[in-house]
Amino acid sequence: MTACVLLLSACGVGGGDTGDPGKPTLTWASTGGQFQEDEKKALQEPFTAKTGTTFVNISPAEQAQVRTMVTAGKTIWDLANMSWIYAGAYCGELFEKLDDPALDRSRFPKGTTGDCFVPTYRYANIFSYNADMFPGEKPSKIADFFDVKRFPGKRVVYDYPKAGLLEAALVADGVPPEQVYPLDVDRAFKKIDTIKSSLVFAPSYGAIQQMMVDKQASMVLTVTARTIVSAQSGAKLVPVWDFNTTDIGVLVIPKGAPHKQLAQQMLAFVTEPAQAAAYAKLTGTAPARADIDLNSIGYTDQQKTFNAFLPDRGTTIEQDKQWWIANTDALTKRWTSWKVG
């Protein structure tokens, strides 16, 4: 208890749920909002029913908080929903290596696992346009995102280089999708420069959603779940299935987690077909494992509209995990200076 008080700002316990002291408890840090509610319903509640384990839910889950706890030797969290980049870059230092045999990496698509992470779901960075703003000719390929003469209007992107824009720029500039990695960063920025004045850098996914609903932009490049929620909120979005990147969501275990083995059991449970399908149905994302039939999930028609993993959805490439782990820090600095340059 003393450790938690000392690290209150880091562990976030003050704003979370409370566990049952008579049962094993996992502390779960995540994004908050509806997505954390979906995690509770589809993932946590079935695990509680099966094992009696209860959960303390807190938010947000941030890399700086993990570093603070681990450095102090007072880790509070057992599981955290955050980027795999951190788990890859600081594997064994800030995050636990996963060694439970139930986390069989052969079940997951090639290139989606690391020593400290396995995917818990998959999503895409989707290019969509607002149908109300293009009554005539309509965008049909990724190059149209970069053609402000034929298709005018602002383009909204998440303010982070790994949100799909760099890969899109290279393909729009003529690079074959299978040759996108390793990224030619200079060429990508040169292409993005051609539409820089038309780009809006959103500070959050919520801001992207609001801007599209309010018609503050004609096009957007954002993640599956936010595209779906934006459409549900009234934005008349149409996806363009020419080229998109795909990525994974993960739950990671901070170094020194109080219940590492139980947390790994939870990770294995999350990726089992029943839980994976339940979470996919709530969020519109795709299960992490390739052996789960997407037709069995029961997506709504709207979710199907924005699901990049269904057949006949053009070309998709998985974002190269090792490339991003090695280059994110330098690329983030360049991104920041480029925006103001």
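Look a little higher up for the structure.
Just so you know, these numbers come straight off a predicted model, no measurement behind them.

Side note on the layout of surface pockets
Inference 1: Of the volumes computed, that of the largest pocket is approximately 980 Å³.
Inference 2: Thr 31, Asn 81, Ser 83, Tyr 158 and Tyr 205 are, among the 32 residues lining the largest pocket, the residues nearest its centre.
Inference 3: Of all the elements in the fold, those that place two or more residues in the lining of the largest pocket are helix 3 (33-51), helix 5 (84-89), strand 4 (119-130), helix 9 (224-232) and strand 9 (243-252).
Inference 4: Among the elements that make up the lining of the largest pocket, the one with the highest residue count is strand 9 (4 residues).
Inference 5: Across the lining of the largest pocket, the residue classes tally to 18 nonpolar, 9 polar and 5 charged.

Description of helix 7 (residues 185-193)
Inference 1: Among the residues of helix 7, Val 185, Ala 188, Phe 189, Lys 191 and Ile 192 are the ones counted as buried. Relative to the axis of helix 7, the buried residues are bounded by an arc of 160 degrees and lie together on one face. Exposed side of helix 7, more than 90 degrees from the buried face: Asp 186 and Lys 190 are the residues found there.
Inference 2: Buried residues along helix 7 sit in contact with helix 6 (165-172), strand 6 (199-202) and helix 13 (321-340).

So, the state of the cysteines
Inference 1: Taken as a whole, this structure holds 1 disulfide when the rule is applied.
Inference 2: The disulfide that involves Cys 91 links it to Cys 116, with 2.0 Å between the sulfurs. The sign of the 80 degrees torsion about the S-S bond sets the Cys 91-Cys 116 disulfide as right-handed. Separated by 25 residues along the polypeptide, Cys 91 in the loop between helix 5 and strand 4 and Cys 116 in the loop between helix 5 and strand 4 bring together distant segments of the chain.
Inference 3: On the basis of relative accessible area, Cys 116 is assigned to the buried category, the value being 1%.

Observations regarding the packing of helix 7 against helix 13
Inference 1: Put simply, helix 7 and helix 13 touch, their axes get as near as 12 Å, and they point 35 degrees apart. The handedness of the crossing between helix 7 and helix 13 comes out as right-handed. Residues Val 185, Asp 186, Phe 189, Ile 192 and Asp 193 of helix 7 pack against Trp 323, Leu 331, Arg 334, Trp 335 and Trp 338 of helix 13.
Inference 2: Residue composition of the contact of helix 7 with helix 13, by class: 7 nonpolar, no polar and 3 charged.

Things to note about unusual backbone geometry
When glycine is set aside, most residues are seen to have a negative phi, and most peptide bonds are trans.
Inference 1: Cis geometry marks the peptide bond from Ser 59 to Pro 60; its omega dihedral reads 0 degrees.
Inference 2: Position of Pro 60 relative to the elements: it lies in the loop between strand 2 (54-58) and helix 4 (63-72).
Inference 3: A cis amide bond links Tyr 181 to the next residue, Pro 182, at an omega of 0 degrees.
Inference 4: The phi dihedral of Lys 215 is positive, around 60 degrees, even though this residue is not glycine.
Inference 5: Note on placement: Lys 215 falls in the loop between helix 8 (205-213) and strand 7 (219-223).
Inference 6: Positive phi outside glycine occurs at Asp 312, with the angle close to 60 degrees.
Inference 7: By secondary structure assignment, the location of Asp 312 is in the loop between helix 12 (301-305) and strand 11 (315-318).

Observations concerning the pattern of salt bridges
Any two side chains of opposite charge can pair, so long as their charged atoms come close to each other.
Inference 1: Going through the model one piece at a time under the given rule, you end up with 18 salt bridges.
Inference 2: Where Arg 150 meets Glu 137, a salt bridge forms, and the shortest distance between an N and an O atom there is 2.1 Å. Here Glu 137 lies in the loop between strand 4 and strand 5 (155-158) and Arg 150 lies in the loop between strand 4 and strand 5, a separation of 13 residues in the sequence.
Inference 3: Residue class for Arg 150 comes out partly exposed when judged on its relative accessible area of 40%.
Inference 4: Where Lys 162 meets Asp 247, a salt bridge forms, and the shortest distance between an N and an O atom there is 2.4 Å. With Lys 162 in the loop between strand 5 and helix 6 and Asp 247 in strand 9, this pair connects stretches of sequence that are 85 residues apart. Summarising the burial analysis for this pair, Lys 162 and Asp 247 share the class buried.

Points about empty space enclosed by the protein
Inference 1: Taken as a whole, this structure holds 1 cavity of 30 Å³ or more when the rule is applied.
Inference 2: Put simply, the largest cavity is a space of about 60 Å³.
Inference 3: Trp 28, Glu 39, Leu 43, Asn 81, Thr 120, Tyr 121, Leu 251, Val 270 and Tyr 279 are the residues that line the largest cavity.
Inference 4: Partitioned by chemical class, the residues of the lining of the largest cavity number 6 nonpolar, 2 polar and 1 charged.

The rules behind each value
- Residues numbered from 1 in each chain as written.
- Predicted model: local features only at pLDDT ≥ 70, side-chain atom pairs only at ≥ 80, totals over all residues.
- Heavy atoms only, no water.
- 1 Å grid on protein atoms, 1.4 Å probe; cavity = no way out; pocket = protein on both sides within 12 Å on 5 of 7 lines; lining within 4 Å.
- Points joined across faces, edges and corners; volume = space filled by probe spheres on them.
- Helix = DSSP H or I, 4+ residues; strand = E, 2+ residues; numbered from the N terminus.
- Nonpolar A, V, L, I, M, F, W, Y, C, P; charged D, E, K, R; others polar.
- Buried < 20%, exposed > 50% of the residue type's maximum accessible area, 1.4 Å probe, protein only.
- Arc of directions from axis to C-beta.
- Contact = heavy atoms within 4.5 Å.
- Disulfide = S-S within 2.5 Å.
- Axes fitted to C-alpha atoms, helices over the stretch in contact; angles between N-to-C directions.
- Left-handed = near helix turned anticlockwise from the far one by under 90°.
- Salt bridge = Lys/Arg side-chain N within 4 Å of Asp/Glu carboxyl O.

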